[in-house]
Amino acid sequence: MSALAILWYFLIFLLIAGYFILDGFDLGVGTLFPFLCKDERDKQIARRAIGPVWDGNEVWLLTAGGALFAAFPDAYATTFSGFYLAIMLVLFGLIVRAVSFEFHAGDKKWRKVWDVCFFLGSALPALLFGVALGNVVAGIPMDAAGNYIGVPLLGLISPFTLLTGLLGLAMFMAAGACWLALKAPVGSELQMRAAKLRRPLQLVALVLFVIASVYLFAMMSGRADGFAPDLMIVRYLFAALFLACLLASIFVGRVRVGHGEATGTVTDGAIGAKSDLVAFVMQSASAGALVFLVAFSMFPVLVFATADGVGGPIDLMNAGASELSLFCMTVILCIGLPLVLVYHVLIYRTFRGRVALESE
């Protein structure tokens, strides 16, 4: 188990965390779209809130998949073959979301259809990402060569994976509510609805996290290939960080009563701009902590095997690429990652602040 393999193990989880945080609120906005947006003005605000950034945010998913393929080809082959139908559904959802996003403005006759496609194209990936991650943690049936031998798609659904899928969906929806509360005009109906909805969604995520953690602990306690005990303290730290950030996002900012935007205050039920920003940052931090909790829980395993499987888990010792490949990837990362970060800084800085429609 080389140092470069360990480095890329955590770098891949860093890329997954970047996607979970950035495209998470995009998918959350799309999932909440039919519930929070009551008229065409609300829909315009929601779409403009994510319009400049959503396609750039998806770069993190593509990079994570490419890094997994190059650094750990065996893990890539097993997961992508085992999750083939699920991955195709995710890609189909992302494509439908992109098409509906672009066609909504130019095709007024079919706007309702594109709104439904926008919702489905956001909700389906948000649910399936959590299901896939739950399968990687709980284990999938493999033969001695590490090939997936389960039933496609149906074999990936279990009570635990449904819990993780719902947990991921709740986290995405909470992030979407936080983002809309941050980007919608202060005092608008959309801003107030988003600010009120984010707390129930975060509480649901908190409850699902506790249930999933208890379920996983009971499931892994009797297995010989369970979580490494020497990283227990680190796992507790990330679990505590997740809970602390999520609770901070829940309780940050008080609902204040003002006299309207004309006096520089906020209207009934609206949350101040700083509180909205803190709530979003804390929600994002909790999402990152959750991903690294999974990373340190699994280390050094990439894919666990089920107890009834023939083969063992895929880990850093049997799935890593050559040292030359990992070194070349590291050099490319040192060049490419700063460029991606600069791009994101420029985009988010350019489109900072709340959405303002031209008609206003």
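Before reading further, recall that the structure is shown in the block above.
Here the structure is a predicted model, which is why all the values come from computation and not from measurement.

Q: What is the right way to read the overall build of the protein from this model?
A: Each helix and strand in the protein was counted, giving 13 helices and two strands. Here the protein holds 360 residues, and 51% of them are scored as buried.

Q: Would you explain the pattern of salt bridges in this entry?
A: Opposite charge on two side chains permits pairing when their charged atoms draw close. What the rule picks out here adds up to nine salt bridges. Salt bridges sharing partners connect three or more residues here, namely Asp23, Glu58 and Arg97.

Q: How should the packing of aromatic side chains be read in this particular structure?
A: The description of two aromatic rings rests on the distance between their centres and on the angle between their planes. Applying the stated criterion across every chain yields a total of 22 aromatic pairs. Ring centres of tyrosine 9 and phenylalanine 299 lie 5.2 Å apart, and the angle between their planes is 75°; this geometry places the pair in the edge-to-face category. Linking tyrosine 9 in helix H1 (residues 3-36) with phenylalanine 299 in the loop between helix H11 (273-298) and strand E1 (301-303), this pair joins segments that are 290 residues apart in sequence. The pair formed by tyrosine 9 and phenylalanine 299 is uniform in burial state, with each residue classed as buried. Among the aromatic residues, those joined into a ring-pair cluster are Tyr9, Phe10, Phe13, Phe238, Phe292, Phe296 and Phe299. Above the face of the phenylalanine 118 ring, arginine 47 is positioned so that its terminal group lies 4.7 Å from the ring centre.

Q: It is not clear to me how unusual backbone geometry should be interpreted in this structure. Could you clarify?
A: With glycine set apart, most residues show a phi of negative sign, and most peptide bonds adopt trans. The linkage connecting phenylalanine 299 with the following residue, proline 300, adopts the cis geometry, with an omega of 0°. Secondary-structure assignment places proline 300 in the loop between H11 and E1.

Q: Sorry, what's going on with the packing of H1 against helix H4 (residues 59-71) here?
A: A pair of packed helices is captured by two measures, namely the crossing angle of their axes and the spacing between those axes. Direction vectors running N to C along H1 and H4 enclose 160°, while the axes themselves pass 8 Å from each other. Comparing the axis directions of H1 and H4 gives the class roughly antiparallel. When the axes of H1 and H4 are compared, the crossing they make is left-handed. Together, Trp8, Ile12, Leu15, Ile16, Gly18, Tyr19 and Leu22 of H1 and Trp60, Leu61, Thr63, Ala64, Ala67, Leu68 and Ala71 of H4 make up the contact between the two elements. The class makeup of the residues in the contact of H1 with H4 is 12 nonpolar, two polar and no charged.

Q: Would you mind showing me how to read the environment of leucine 128 here?
A: Looking at the element boundaries, leucine 128 is found in helix H7 (residues 111-138). With 36 residues separating them along the chain, leucine 128 and threonine 164 place their C-alpha atoms 9.3 Å apart. Setting aside residues no more than four positions away along its own chain, leucine 128 makes contact with Ala86, Leu89 and Val90.

Q: What's the story with the environment of serine 249 in this structure? I'm lost.
A: Along the chain, the position of serine 249 falls in helix H10 (residues 232-251). By relative accessible area, which is 1% here, serine 249 ends up buried. As a C-alpha pair, serine 249 and serine 275 span 26 residues in sequence and 9.0 Å in three-dimensional space. Ignoring sequence-local partners within four residues, the contact set of serine 249 consists of Cys178, Gln202, Ala279, Met282 and Gln283. A polar contact is formed between the side chain of serine 249 and the side chain of glutamine 202, at a distance of 2.7 Å.

Q: Explanation requested: the nonpolar core in the structure shown.
A: It is characteristic of soluble globular proteins that their nonpolar side chains tend to be buried jointly. Core analysis: the largest hydrophobic core is formed by 105 residues, its most contacted members being Trp8, Tyr9, Phe72 and Leu302. Excluding residues that lie within four positions of it along the chain, leucine 302 makes contacts with Tyr9, Phe72, Ala75, Val136, Ile314, Asp315, Leu316 and Ala319.

Q: Which parts of the structure should I look at to understand the side chain of lysine 43?
A: By the secondary structure assignment, lysine 43 is in helix H2 (residues 40-50). Overall, lysine 43 belongs to the buried group, its relative accessible area being 19%. Ignoring anything within four residues of it in the chain, the contact list for lysine 43 reads Phe33, Cys37 and Asp115.

Criteria and thresholds
- Residues numbered from 1 in each chain as written.
- Predicted model: local features only at pLDDT ≥ 70, side-chain atom pairs only at ≥ 80, totals over all residues.
- Heavy atoms only, no water.
- Helix = DSSP H or I, 4+ residues; strand = E, 2+ residues; numbered from the N terminus.
- Buried < 20%, exposed > 50% of the residue type's maximum accessible area, 1.4 Å probe, protein only.
- Salt bridge = Lys/Arg side-chain N within 4 Å of Asp/Glu carboxyl O.
- Phe/Tyr/Trp six-rings, centres within 6.5 Å; stacked < 30°, edge-to-face > 60°.
- Lys NZ or Arg CZ within 6 Å of the ring centre and 35° of its normal.
- Axes fitted to C-alpha atoms, helices over the stretch in contact; angles between N-to-C directions.
- Parallel < 35°, antiparallel > 145°, perpendicular 65-115°, else oblique.
- Left-handed = near helix turned anticlockwise from the far one by under 90°.
- Contact = heavy atoms within 4.5 Å.
- Nonpolar A, V, L, I, M, F, W, Y, C, P; charged D, E, K, R; others polar.
- Polar contact = N/O pair within 3.5 Å; in protein donor to acceptor, adjacent residues only side chain to side chain.
- Core = buried A, V, L, I, M, F, W, Y, C linked by side-chain atoms within 4.5 Å.

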